[in-house]
Amino acid sequence: MDDRTVRAALKRHWDASDAGDFMVEHEIYREDAVLEYPQSGERIRGRHNIQESRFVQPNKKRFSVQRTIGSGDLWVTEFVLSYDSVPSYAVSIMEFREGLVANETQYFADRFEPAPSRAQLVERGGEIASS
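Residues numbered from 1 in each chain as written. Predicted model: local features only at pLDDT ≥ 70, side-chain atom pairs only at ≥ 80, totals over all residues. Heavy atoms only, no water.

(A) Focus on the sheet that holds strand β6 (residues 100-109). If you trace the six strands from one edge of the open sheet to the other, you get β2-β1-β6-β5-β4-β3, paired in mixed fashion. Unpaired on one side and paired on the other, β2 (42-45) and β3 (61-71) mark the two borders of the sheet. Each adjacent strand pair in this sheet contributes to an overall mean axis angle of 20 degrees, direction not counted. Relative to strand β5 (residues 86-97), strand β4 (residues 74-83) runs antiparallel, the two being bridged by 10 bridges. Looking at β5, one finds that Val76 is bridged to Ile93. Where helix α1 (residues 3-19) meets the sheet, it contacts β1 (29-37), β3, β4, β5 and β6, and its direction lies at approximately 170 degrees from that of β3. Of the strands in this sheet, β1, β2, β3 and β6 touch helix α3 (residues 47-55), which is tilted by about 50 degrees from β1. (Pairing = 2+ DSSP bridges. Helix = DSSP H or I, 4+ residues; strand = E, 2+ residues; numbered from the N terminus. Axes fitted to C-alpha atoms, helices over the stretch in contact; angles between N-to-C directions. Contact = heavy atoms within 4.5 Å.)

Written out as structure tokens, the structure reads:
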């Protein structure tokens, strides 16, 4: 599978995720795919179980892809996942095998303010903060 085809499959996956289309969202996974959430220690095996874990999640979810990078069998997507309008910043690392996702690891983080010790150094809204 060439990079253009993988990129198109990822776009279809994330668009379906945002639309709540659970069937299309999970077409990208192998039957024996593994999904890991290191922060909670969860490992979910099998496309059916991955799909079910997302289907039973009660919150309204929205996905906003910020960037997708990768090539070959390794792809990374940065996105904002909002649960009931509360944003969480996320990274998805997908490893492909034979054209489908074999392993995915997702990391999540909440927004936080810059530490006071570096506040004068950070860019906010495209501008460098002044002291």
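Structure's up, so let's keep going.
(B) Broad picture of the environment of Arg7. Along the polypeptide, Arg7 turns up in helix α1. Along the primary structure Arg7 and Trp75 are separated by 68 residues, whereas in three dimensions their C-alpha atoms are 8.8 Å apart. Excluding residues that lie within four positions of it along the chain, Arg7 makes contacts with Thr68 and Trp75. One polar contact links the side chain of Arg7 to the main-chain carbonyl oxygen of Thr68, over a distance of 3.1 Å. (Polar contact = N/O pair within 3.5 Å; in protein donor to acceptor, adjacent residues only side chain to side chain.)

(C) Summary view of the confidence of the model for the protein. Confidence in the prediction of the protein, expressed as mean pLDDT, is 91, and 95% of residues score 70 or more. Within the model, pLDDT remains below 50 along residues 126-131, and this stretch shows eight contacts once partners closer than five positions in the same chain are excluded. (pLDDT = per-residue confidence, 0-100.)

(D) Looking closely at the pairing of β6. In terms of strand pairing, β1 meets β6 through four bridges, oriented parallel. Looking at the pairing, Val34 lines up with Asn103 of β6. In this antiparallel pair of consecutive strands, β5 and β6, the connection spans two residues, and Glu98 shows a positive phi of 55 degrees.

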